[in-house]
Number of protein chains: 4
Amino acid sequence: MSAPVPAETTKGERTRERLRRAATRVFAREGYEATRVADIVREAGVTQPTFYLYFASKEAAYEDRVEAFRQRLQQTTLGNLLDPSIPHAEFTDRVALSFRRFLDLMAEDRELTEIGFFQPPGCTITKARLVHWVADNIAREQADRLFRGDLPAELIARLLVGLLEQFGRMEASDDRRRELARACAELFCHGTRPPPG
Amino acid sequence: MSAPVPAETTKGERTRERLRRAATRVFAREGYEATRVADIVREAGVTQPTFYLYFASKEAAYEDRVEAFRQRLQQTTLGNLLDPSIPHAEFTDRVALSFRRFLDLMAEDRELTEIGFFQPPGCTITKARLVHWVADNIAREQADRLFRGDLPAELIARLLVGLLEQFGRMEASDDRRRELARACAELFCHGTRPPPG
Amino acid sequence: MSAPVPAETTKGERTRERLRRAATRVFAREGYEATRVADIVREAGVTQPTFYLYFASKEAAYEDRVEAFRQRLQQTTLGNLLDPSIPHAEFTDRVALSFRRFLDLMAEDRELTEIGFFQPPGCTITKARLVHWVADNIAREQADRLFRGDLPAELIARLLVGLLEQFGRMEASDDRRRELARACAELFCHGTRPPPG
Amino acid sequence: MSAPVPAETTKGERTRERLRRAATRVFAREGYEATRVADIVREAGVTQPTFYLYFASKEAAYEDRVEAFRQRLQQTTLGNLLDPSIPHAEFTDRVALSFRRFLDLMAEDRELTEIGFFQPPGCTITKARLVHWVADNIAREQADRLFRGDLPAELIARLLVGLLEQFGRMEASDDRRRELARACAELFCHGTRPPPG
DNA sequence: AATGAATGAGACTTCATTCAT
DNA sequence: CATGAATGAAGTCTCATTCAT
């Protein structure tokens with residue numbers, strides 16, 4: 001068990017990484033359109049032509065960043081499929097865990113999340129894909145009677161995505177995120193009405 | 001009984017209105033940053049200097065449009081406060097009506113909705129305000145025991161706004177919107193778990 | 001019989017004309033690729049954006065100039081078709097006149113000729129077209145037994161165009177041009193061999 | 001009888017040759033200005049700094065290629081001086097042979113010909129020199145009464161060069177080139193008029 | 001003998017905005 | 001009330017060339 005060997009770090013790879021980080025930062029701060037390549041290279045400490053050594057265009061750099069986020073998002077989603085054998089009493093906790101994983105992912109690199117999930121032009125596609133991935137999970141979970149079957153899986157998926165839209169941008173400590181995830185799970189599972197009686 | 005007072009229709013007012021409509025269309029289609037004043041005036045059939053006769057800047061025109069949407073949104077929200085005396089059996093229907101009013105508003109002028117609710121840079125503020133307005137309603141309704149009191153009103157408000165984010169952009173007929181509103185109300189009130197038993 | 005009324009001379013038309021002249025000058029001096037829009041606008045006394053008010057691109061401006069030359073060239077060519085009833089004794093004189101018209105045209109605006117006839121990328125097409133137009137004339141004239149019929153019209157046309165390529169760039173006074181045209185006609189009609197005997 | 005002396009083939013010489021060939025190809029295809037050093041090195045399979053190991057600049061590489069063509073052209077021209085004792089009946093054939101040598105030279109390396117003879121900025125000088133060399137021949141041949149003496153040698157030389165300009169770029173088989181050369185000789189010697197009677 | 005990496009200088013083009021009429 | 005004409009400022013991208021190894 002050793003720490004992962006760092007990927008080859010030629011000078012070029014390091015420059016590329018600096019550019020990626022700078023691009024993430026600036027895109028997140030300014031938005032795609034308002035971002036100028038000049039800003040990115042200034043933050044990366046290189047000249048403009050160097051940028052074009054590593055990215056074909058401003059748009060290509062943006063796509064690179066957006067895809068990086070989507071990858072992570074898809075992985076997280078795939079890992080959140082619920083086991084049908086889950087005991088009833090633990091269900092909401094388990095859903096809270098799923099929300100926590102999403103919120104942790106989104107908090108881990110706020111800037112990348114900003115680009116991939118909240119800002120146009122990429123956010124629309126990201127969310128559409130997320131709805132799709134989540135709906136796949138939900139459909140199976142409906143088959144396992146984990147969720148109500150009287151509503152289309154896509155609708156339920158959208159409820160989840162809507163919650164992430166609302167809570168994914170919050171600045172929150174680890175503990176606070178755990179609480180938020182718990183609240184999301186509550187709302188997601190049981191809604192807003194008071195318990196009867 | 002007098003004839004309806006004719007809206008002021010000096011030539012200037014008509015030009016201003018044409019510019020507003022054109023701006024709405026182009027901002028919705030292209031987004032704020034990518035919109036060019038040249039496009040707006042082309043769609044409005046006037047020249048560029050004329051634009052500056054009616055709006056101080058591109059940004060001012062955008063603000064004008066965004067504010068128009070926010071006004072309507074606030075009105076709708078205020079009208080959606082629930083009457084505490086509502087019979088228990090009708091509750092979900094009543095919530096569905098609230099959703100329907102929101103979805104109708106958003107469908108009525110898709111382009112204005114796009115600008116005011118979905119596109120940066122304005123959408124963040126719009127949604128923040130909406131959360132605030134809705135949370136005011138929810139807080140009162142919690143006091144009236146209409147919603148569960150174990151979660152902050154703002155969280156519940158965000159659930160609602162998240163649903164609007166997910167469903168407010170759908171192309172849907174009147175009837176389909178009614179169904180959607182019903183589904184939203186169901187999810188909002190009772191969540192996604194199957195009924196016990 | 002009055003002098004032609006000058007075309008409408010709005011300020012815009014005058015600016016366009018200044019740009020045209022400047023473009024002609026610079027393209028002729030530097031060649032298409034090496035020409036910078038900055039040079040053109042400096043010579044025209046306007047700013048760069050103004051250039052794009054009148055031409056869609058550097059390339060469009062170039063095309064405009066090249067086409068202007070081609071128009072004139074085609075007109076001249078059409079006017080040079082020989083009358084079949086021409087007396088034998090006057091034939092070479094008449095061919096000399098044709099050459100003179102070509103050389104005059106090319107001398108009249110040296111810079112435009114440079115662009116349209118001598119410089120890439122336009123010159124290849126211009127010459128190909130000229131060969132075609134001239135060959136049309138030659139074919140008819142061969143039918144009228146004015147030129148030898150044992151060689152394809154296109155070959156004879158190319159002989160003519162080759163002569164223009166060689167003599168069209170010469171700086172020459174009116175009189176000198178007349179002489180040159182005469183010599184061209186001689187060579188074109190009778191070749192380089194000494195008269196027999 | 002010894003084996004042919006191997007051309008010096010140090011690794012460097014081979015690289016230089018690859019660069020030369022690549023440069024020829026790209027200059028011919030794109031023209032001097034539009035050619036990028038990046039294209040040349042890609043075709044040569046080396047990196048950009050290597051290019052500068054062998055040529056001082058893009059311009060130097062271009063000059064190298066142009067001069068290579070001019071050398072060959074001058075050799076061919078010198079070899080084409082007509083023997084004054086040539087029998088009258090064979091004269092046109094002999095001129096056709098001269099044209100054939102020129103056309104063969106130009107066909108042998110189309111790309112080098114393109115650069116040296118047809119494309120700016122080098123073509124103007126190449127042709128001027130060729131006119132000069134040919135005129136030297138013609139002047140002697142006029143003295144030998146092989147060509148008419150009533151026109152300056154330079155004019156006659158230009159007729160020849162003009163024909164090469166027209167026919168030197170044609171894609172043509174060996175046989176077709178022979179025919180073309182024959183036609184050129186005919187036109188060059190006797191012009192375009194039908195034979196009398 | 002060759003290259004990975006970088007850059008200075010500059011090209012074309014766009015756009016919000018204004019002036020003069 | 002409206003426009004024809006113009007521009008300052010800036011943006012993306014390219015390219016010949018060089019440095020350090």
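In the block above lies the structure referred to throughout.
Residues numbered from 1 in each chain as written. Chains lettered and ligands numbered in written order. Predicted model: local features only at pLDDT ≥ 70, side-chain atom pairs only at ≥ 80, totals over all residues. Heavy atoms only, no water.

(A) Examining the interface of chain D and chain C more closely. Listed by partner, the interface residues are 36 residues for chain D and 36 residues for chain C. Taken over both partners, the interface formed by chain D and chain C buries close to 3300 Å², and the fraction arising from carbon and sulfur atoms is 60%. Three residues, D:R148, D:T192 and D:R193, lead the burial of chain D against chain C; their summed loss comes to 24% of the area buried on that side. Across the contact surface, chain D and chain C share two salt bridges. When the shortest N-O distance is used, the salt bridge between C:E186 and D:R148 registers 2.8 Å. Take the side of chain D that touches chain C: its biggest share by element is eleven residues, from helix α8 (residues 153-167) of chain D. Grouping the amino acids of the side of chain D that touches chain C by side-chain chemistry returns 20 nonpolar, seven polar and nine charged. (Contact = heavy atoms within 4.5 Å. Buried area = accessible area lost by both parts, 1.4 Å probe. Salt bridge = Lys/Arg side-chain N within 4 Å of Asp/Glu carboxyl O. Helix = DSSP H or I, 4+ residues; strand = E, 2+ residues; numbered from the N terminus. Nonpolar A, V, L, I, M, F, W, Y, C, P; charged D, E, K, R; others polar.)

(B) Geometry of the protein's contact with DNA strand F. For DNA strand F, the set of nearby residues contains 34 residues, the closest of which are A:R36, C:P49, C:T50, D:R36 and D:Q48. D:T35 has a polar backbone atom sitting 3.0 Å from a phosphate oxygen of DNA strand F. Considering only residue class, the surface near DNA strand F consists of 14 nonpolar, 14 polar and six charged. (Near = heavy atom within 4 Å. Polar contact = N/O pair within 3.5 Å; in protein donor to acceptor, adjacent residues only side chain to side chain.)

(C) Layout of the relation of the copies chain D and chain C. Expressed as a screw operation, the relation of chain D to chain C combines 0.0 Å of axial shift with a rotation of 179°, fitting to an RMSD of 0.1 Å. These values place the two chain copies in the arrangement generated by a two-fold rotation axis. A symmetric contact is evident, with 100% of the interface residues of chain D recurring at the interface of chain C. (Least-squares fit on C-alpha atoms with pLDDT ≥ 70 in both.)

(D) Representation of the environment of C:R177. Residue and element names in this part refer to chain C. Tracing the sequence through the fold places R177 in helix α9 (residues 174-190). When the C-alpha positions of R177 and R101 are compared, they lie 9.8 Å apart, and in sequence the two are 76 residues distant. Setting aside anything within four residues of it in sequence, one finds R177 in contact with L103, D104, A107 and A172.

(E) Molecular detail of the packing of helix α1 (residues 11-30) of chain A against helix α6 (residues 110-118) of chain A. All names here are of chain A. At a minimum axis distance of 8 Å, the contact between α1 and α6 shows a crossing angle of 60°. The angle between α1 and α6 falls in the class oblique. Between α1 and α6 lies a crossing of left-handed hand. Residues A23, T24, R25, F27 and A28 of α1 form the contact with α6, whose own contacting residues are E111, L112, E114 and I115. (Axes fitted to C-alpha atoms, helices over the stretch in contact; angles between N-to-C directions. Parallel < 35°, antiparallel > 145°, perpendicular 65-115°, else oblique. Left-handed = near helix turned anticlockwise from the far one by under 90°.)

These figures capture arrangement, not role.
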